[in-house]
Amino acid sequence: AALDPQYRTTVASMLRRQANDTRNPAQFIVTTFHPQIVGEADQLYGVAHTNRVSRVYAIGREDALDFLQAAEEAGAGAGAGAAGGPNQGAPE
C-alpha cells in the first residue's frame, strides 16, 4: 500500500531500530523511490539498464537523493525515471 511521507518516515525509523536491535537484529532489502527511506539506509545501490542488460552498482546517498529530487521536479513520478536515471556516469 502507498504511504504518505509521515508514515514513510515512521516505517524508515522502525526499520532502523530493528536493524540496530542488539538482541534481535535484522537486515532489510527495500526497493524505493522515497527519500524518507533512502535517508535511513546504510547501503544504497542503483540499477542501470543498457541494451536489455541490468547492472547493479553502489551509489552514494547524495547522488540517490539528487536523482529522486530531479525525478520529482521533472514530474517523472515514483518509478518513471528509474530506467534512465542514476546510471549516468555510474562507476564501473
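Up top is the structure these notes are about.
Below is a summary of the structure that appears in this document.

Calculation rules
- Residues numbered from 1 in each chain as written.
- Predicted model: local features only at pLDDT ≥ 70, side-chain atom pairs only at ≥ 80, totals over all residues.
- Heavy atoms only, no water.
- Phe/Tyr/Trp six-rings, centres within 6.5 Å; stacked < 30°, edge-to-face > 60°.
- Helix = DSSP H or I, 4+ residues; strand = E, 2+ residues; numbered from the N terminus.
- Buried < 20%, exposed > 50% of the residue type's maximum accessible area, 1.4 Å probe, protein only.
- Expected span 1.5 Å × (residues − 1).
- Contact = heavy atoms within 4.5 Å.
- Salt bridge = Lys/Arg side-chain N within 4 Å of Asp/Glu carboxyl O.

### Overview of the packing of aromatic side chains
Any pair of aromatic rings gets described here by the distance separating the centres and the angle formed by the planes.
Reasoning step 1: Within the structure shown, the criterion is met by one aromatic pair.
Reasoning step 2: Centroid distance phenylalanine 33 to phenylalanine 67: 6.4 Å. Interplanar angle 50°. Geometry classified as tilted. Of this pair, phenylalanine 33 sits in the loop between helix H1 (5–19) and helix H2 (35–38) while phenylalanine 67 sits in helix H3 (residues 61–73), and the two are 34 residues apart along the sequence.
Reasoning step 3: For phenylalanine 33, a relative accessible area of 33% puts it in the partly exposed group.

### Some details on H1
Reasoning step 1: Here H1 contains 15 residues, and its C-alpha end-to-end distance of 21 Å stays within 8% of the 21 Å for a straight helix at 1.5 Å per residue.
Reasoning step 2: Contacts from the buried residues of H1 go to H2.

### Examining the pattern of salt bridges
Reasoning step 1: Within this structure, the stated rule accounts for two salt bridges.
Reasoning step 2: Across the salt bridge formed by glutamate 40 and arginine 16, the nearest N and O atoms sit 3.2 Å from each other. Here the residue glutamate 40 occupies a position in the loop between H2 and strand E1 (45–50), and arginine 16 occupies one in helix H1, the gap between them amounting to 24 residues.
Reasoning step 3: With a shortest N-O distance of 2.9 Å, arginine 16 and aspartate 42 are connected by a salt bridge. Placement of the pair is arginine 16 in helix H1 and aspartate 42 in the loop between H2 and E1, with a sequence separation of 26 residues.
Reasoning step 4: The exposure class assigned to aspartate 42 is exposed, which follows from its relative accessible area of 56%.
Reasoning step 5: Residues joined by salt bridges that share partners form a network here, namely Arg16, Glu40 and Asp42.

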